[in-house]
Amino acid sequence: LGTRLARQFGRRCAFGTVTSWVPADETEKDPPLWRIEHDDGDKEDLEEEDVRAGIELFQKQAAAKGRRGGGGQPQQEEGVLEPLPAASA
């Protein structure tokens, strides 16, 4: 929990933080979900694939900002996730 990530919405990039996690419900065939709270106050639940993509986008944004001399972090700092289970093969 607390992992930062970014989500692309059209031309806009929103930053957020992982605030909670719900394990998979095998009975209902529901996947595990991670609750994201965006810096602008919006919230959404994401599946693992989307969380991993968001972390990667956040890291790319931070690296690009660092190359531009911005200190290595996007303007709107956001949260980071709990470690995810290893990706299944």
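Whatever comes next refers back to the structure up there.
First, a word on what this report is: a plain description of the structure on this page.

### Regarding the pattern of salt bridges
Here comes step 1: For the structure shown, the criterion picks out 6 salt bridges.
Here comes step 2: Here D39 ties to R4 by a salt bridge, and the two come within 3.2 Å at their closest N and O atoms. Of the two residues, D39 is situated in the loop between β3 (33-38) and β4 (43-46) and R4 in strand β1 (residues 4-9); the sequence distance between them amounts to 35 residues.
Here comes step 3: The buried category is assigned to R4, whose relative accessible area is 6%.
Here comes step 4: E44 is the salt-bridge partner of R7, the closest N and O atoms lying 3.0 Å from each other. Within this pair, whereas R7 is found in strand β1, its partner E44 is found in strand β4, the two being separated by 37 residues in sequence.
Here comes step 5: Judged by relative accessible area, which is 19%, E44 ranks as buried.

### What to know about the packing of aromatic side chains
Here comes step 1: Enumeration over the complete set of coordinates arrives at 2 aromatic pairs.
Here comes step 2: When the ring of F15 is compared with that of F58, the centres are 5.9 Å apart and the planes differ by 80°; the resulting orientation is edge-to-face. One end of the pair, F15, is in strand β2 (residues 12-22); the other, F58, is in helix α1 (residues 48-67), with 43 residues separating them in the sequence.
Here comes step 3: Given the relative accessible area of 7%, F58 is considered buried.
Here comes step 4: A centroid spacing of 6.2 Å and a plane angle of 50° characterise the contact between W21 and W34, whose relative ring orientation is tilted. Here the residue W21 occupies a position in strand β2, and W34 occupies one in strand β3, the gap between them amounting to 13 residues.

Calculation criteria
- Residues numbered from 1 in each chain as written.
- Predicted model: local features only at pLDDT ≥ 70, side-chain atom pairs only at ≥ 80, totals over all residues.
- Heavy atoms only, no water.
- Salt bridge = Lys/Arg side-chain N within 4 Å of Asp/Glu carboxyl O.
- Helix = DSSP H or I, 4+ residues; strand = E, 2+ residues; numbered from the N terminus.
- Buried < 20%, exposed > 50% of the residue type's maximum accessible area, 1.4 Å probe, protein only.
- Phe/Tyr/Trp six-rings, centres within 6.5 Å; stacked < 30°, edge-to-face > 60°.

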